[in-house]
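# Chains, contacts and geometry: an overview
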Amino acid sequence: LLESQSGSVNGLVSNQRIEGIIDELQAAIVAPAGARSVLVVGEAGVGKSAVIQLLGQRLAGEGYRVFRSSASEVIAGQSYFGELEQRIQRLIQQLRGKRIVWVIDSFQELATIGRHKYSKTSVLDMILPHIASGEIKVIGETRPAALELLNLSYPRLSGQIEAFRIEPADEAQTLELASRWLERRQAGGNFNLSASPEVLREAWQLVTQYVTGSSAPGLLLEYLELTCARMEESADRALRLDDFLTT
């Protein structure tokens, strides 16, 4: 079963917006008729991985087995031409028609891995017909720019796997998730830090102004986690803006 970086999906937080996204994904995957594989699309930080992990927990509760393997892991240890094809065919046989869901990070890498000077066939070429037919169920993760390139190379992809775009959270949604994350940590024990809504809002304004390369809510949650990790040995107290500035 999928696990979060902290070792359990219980370390993740959710809200009504995220639950709605998970509802849509779940409905597509487990539909009694016409079930489809899905692509979770969004920029870094919007919560793709968290959504997938929470979805994996739900699916496991319904009797599905969920495993995660990137394209790079699929070809790990390959020692001769033709071995990859055999490995993929074995994998397809194991997944075909069963209540198993394969989660694939960086889904776009499937379009290049497996190709070499003797073969133009990629891993994606091998598995796409089985995805399109519904024989195997896949949850892919990718970014918008990567999906655009995939659609150029595979014009029929949008009809074979359903893309769900996750947009960055707004300020209110991000602050709600940050507050829930702190509450979850406190409930878990051995964690005595807290933060007022005002301090979390100031921290949000700080990261949106000075931190690049990530989107909300991850933009604030990652920063909050780093600050708490740095201060975990501190006495019981509320976080101040200075604590975030030091981080």
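What this report covers is the structure whose coordinates are included nearby. (Residues numbered from 1 in each chain as written. Predicted model: local features only at pLDDT ≥ 70, side-chain atom pairs only at ≥ 80, totals over all residues. Heavy atoms only, no water.)

## Section: the environment of Phe 244
Along the chain, Phe 244 falls in helix H10 (residues 241-246). A relative accessible area of 0% means that Phe 244 is categorised as buried. In this structure, the C-alpha to C-alpha distance between Phe 244 and Gln 53, residues 191 residues apart in sequence, is 28 Å. When near neighbours in sequence (up to four residues on either side) are disregarded, Phe 244 contacts Val 199, Ala 203, Leu 206, Tyr 223, Leu 224, Thr 227 and Leu 239. (Helix = DSSP H or I, 4+ residues; strand = E, 2+ residues; numbered from the N terminus. Buried < 20%, exposed > 50% of the residue type's maximum accessible area, 1.4 Å probe, protein only. Contact = heavy atoms within 4.5 Å.)

## Here's the deal with helix H4 (residues 83-95)
Taking 1.5 Å as the rise per residue, H4 with 13 residues should run 18 Å; its terminal C-alpha atoms sit 19 Å apart, in good agreement. Packing partners of the buried residues in H4 comprise strand E2 (65-68), helix H3 (71-75), strand E3 (100-104) and helix H5 (123-132). The positive-phi residue at the C-terminal boundary of H4 is Gly 97, with phi of around 70 degrees. (Expected span 1.5 Å × (residues − 1).)

## Description of the nonpolar core
Among the nonpolar cores identified, the biggest contains 48 residues, and Ile 139 and Leu 224 are the most heavily contacted of them. Where this core is concerned, the elements lending two or more residues are helix H1 (16-30), strand E1 (38-41), helix H2 (48-61), E3, helix H7 (171-187), helix H8 (197-210) and helix H9 (218-230). Those residues in contact with Leu 224, other than ones at most four positions away along the chain, are Ala 178, Trp 181, Leu 182, Leu 200, Leu 239 and Phe 244. Counting residues in hydrophobic clusters, the runner-up holds 29 residues, among them Leu 95, Phe 107, Leu 150 and Leu 157. (Core = buried A, V, L, I, M, F, W, Y, C linked by side-chain atoms within 4.5 Å.)

## With respect to the packing of aromatic side chains
Applying the stated criterion to the full structure yields two aromatic pairs. The cationic tip of Arg 99 hangs over the ring face of Tyr 64; the distance from NZ or CZ to the ring centre is 4.2 Å. (Phe/Tyr/Trp six-rings, centres within 6.5 Å; stacked < 30°, edge-to-face > 60°. Lys NZ or Arg CZ within 6 Å of the ring centre and 35° of its normal.)

## So, the sheet that holds strand E4 (residues 137-142)
An order of E2-E3-E4-E1-E5 is seen for the five strands of this open sheet, with the pairing classed as parallel. The open sheet has two edge strands, E2 and strand E5 (162-165), and neither has a second partner. Each strand axis lies, on average, 20 degrees off the axis of its neighbour in the sheet, ignoring direction. Bridge count for E2 against E3 is four bridges, and the pairing is parallel. When the sheet's bridge partners are listed, Arg 68 is paired in E3 with Val 103. (Pairing = 2+ DSSP bridges. Axes fitted to C-alpha atoms, helices over the stretch in contact; angles between N-to-C directions.)

## Quick notes on unusual backbone geometry
With omega at 10 degrees, the peptide bond leading from Ala 216 into Pro 217 counts as cis. Summarising the element assignment, Pro 217 is placed in the loop between H8 and H9. Of note, Ser 106 is a non-glycine position whose phi angle comes to about 45 degrees, a positive value. Judged by relative accessible area, which is 29%, Ser 106 ranks as partly exposed.

From the geometry alone we can't say anything about function, so treat these as descriptive.
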